[in-house]
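Report on the structure
One letter stands for each residue in the lines below.
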Amino acid sequence: MAHSSPLDGRVVLITGAARGIGAHTARLLAARGARVSLTGLEPDRLKALAAELGERHAWFECDVTDQKSVDAAVAATADHFGRIDAVMANAGVAAYGTVRTYDPEAFAHTVDVNLTGAFRTVHAALPHVIERRGYVLIVASLASFTPVAGLAAYAASKAGADSLACALRQEVAHLGVAVGSAHPSWIDTDMVRGAKRDLSSFGEALRHMPPPANSTTSVEKCAAAITAGIERRARRIYVPRTVAGANWLRAVLTGPLADRVAARTTPTLIPRMEEEISALGRSFGAHVRE
């Protein structure tokens, strides 16, 4: 006899569910019996995914940079399913640039989606999650622990997302709510593939990074790890597991030794990256939402 999953019948709201990590996680959650609310900015893709998953699931358009849009998607989810047991704040973008060359609006947008968008999502869903003594997962990154040249906006926003999760965990533990953060390294999604296509310097920079940052994990493996983490209400989810070492070694990876290692390649890679971004003429990849 098959064992039932702790997710059976649970309602999980996912932002950025149209593609990438969000879409693949939704498929695995549905396979474990969860009912999934798919939210994001690509209605055609959301509608198709909801149809693929079946009538137990639903989709709602949602822009995490707009609190009214987030509130409406959360309210629609609660009205449709009657409750929200878990929320996965997953919507994310990555802007191309260095601090010297960033379009300030692109930097601000990255923070608005990755950090403030996670806050908006959790803030709106939290009353429902508290009622269910449920679970919150904020998707951060390996970059939360290892900021690198050329990724300042992304790293800053993901470090903030990690801190948001840590603070929230302390605030709601007495209410029976568990809070986790997910920390994927490079995942084979549209966002990462697009960056490699757009910027040859990005792919070269990855090859010079220490493990696990010098390799790419399949989106299927990432989704499986996140789904298992949601199932057990994990405090932290590392993808791959070796990312945990970056957290433990954070002081080393942000210290003088890391600067000396980076100095071997950044004098040539950073000017090259800046030239490629200038020639590209845009700050984001073709697919800005994951």
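Everything quoted here is computed from the prediction, not taken from an experiment.

Tallying each qualifying case throughout the model produces eight salt bridges. Among the salt bridges present, the one from Glu231 reaches Arg32, with a minimum N-O distance of 3.6 Å. Of this pair, Glu231 sits in helix H8 (residues 219-232) while Arg32 is found in the loop between helix H1 (20-31) and strand E2 (35-40), placing the two residues 199 residues apart along the sequence. By relative accessible area, which is 32% here, Arg32 ends up partly exposed. Three or more residues are tied together by salt bridges with common partners; here these are Arg83, Asp85 and Arg132.

Our focus in this paragraph is the sheet that holds strand E3 (residues 58-61). Pairing is parallel in the open sheet, where seven strands are placed in the order E3-E2-E1-E4-E5-E6-E9. In the strand order of this sheet, the two ends are held by E3 and strand E9 (236-239), each with one partner. Geometrically, the sheet is characterised by an average inter-axis angle of 15 degrees between neighbouring strands, direction not taken into account. Bridge analysis of strand E5 (residues 135-139) against strand E6 (residues 178-184) gives five bridges, and the strand direction is parallel. By the bridge assignment for E6, Leu137 is matched with Gly180.

Of all five residues in E5, five are buried; the element is thus mostly enclosed. Taking every second residue as pointing to the same face, both faces of E5 are buried, with Tyr135, Leu137 and Val139 on one and Val136 and Ile138 on the other. The sheet contact formed by strand E4 (residues 86-89) and E5 spans four bridges and is parallel. From the neighbouring strand, Met88 faces E5, where its bridge partner is Leu137. For the handedness criterion, the β-α-β arrangement of E4, helix H4 (residues 104-131) and E5 is classed as right-handed.

As a further point, take the side chain of Ser181. For Ser181, the location among the structural elements is in strand E6. With residues up to four places along the chain from it excluded, the contact list for Ser181 reads Leu137, Ile138, Asp162, Ala165, Arg169, Arg235, Arg236 and Ile237.

Take unusual backbone geometry next. Residues Val239 and Pro240 are joined by a peptide bond in cis, for which omega reads -10 degrees. Note on placement: Pro240 falls in the loop between E9 and helix H9 (243-248). Despite not being glycine, Arg233 has its phi angle at roughly 55 degrees, a positive value. Its place among the elements puts Arg233 in the loop between H8 and E9. A relative accessible area of 35% means that Arg233 is categorised as partly exposed.

Here H4 crosses helix H5 (residues 152-172) at 20 degrees, and the two axes come no closer than 7 Å. As the angle between them shows, H4 and H5 are arranged roughly parallel. Our pair here, H4 against H5, has a crossing hand that is right-handed. Two secondary-structure elements touch here, H4 through Phe107, Thr110, Val111, Asn114, Leu115, Ala118, Phe119, Val122 and Leu126 and H5 through Ala152, Ala153, Tyr154, Ser157, Lys158, Gly160, Ala161, Leu164, Leu168 and Val172.

Rules used in this analysis
Residues numbered from 1 in each chain as written. Predicted model: local features only at pLDDT ≥ 70, side-chain atom pairs only at ≥ 80, totals over all residues. Heavy atoms only, no water. Salt bridge = Lys/Arg side-chain N within 4 Å of Asp/Glu carboxyl O. Helix = DSSP H or I, 4+ residues; strand = E, 2+ residues; numbered from the N terminus. Buried < 20%, exposed > 50% of the residue type's maximum accessible area, 1.4 Å probe, protein only. Pairing = 2+ DSSP bridges. Axes fitted to C-alpha atoms, helices over the stretch in contact; angles between N-to-C directions. Right-handed = clockwise from strand over helix to strand, strands pointing away. Contact = heavy atoms within 4.5 Å. Parallel < 35°, antiparallel > 145°, perpendicular 65-115°, else oblique. Left-handed = near helix turned anticlockwise from the far one by under 90°.

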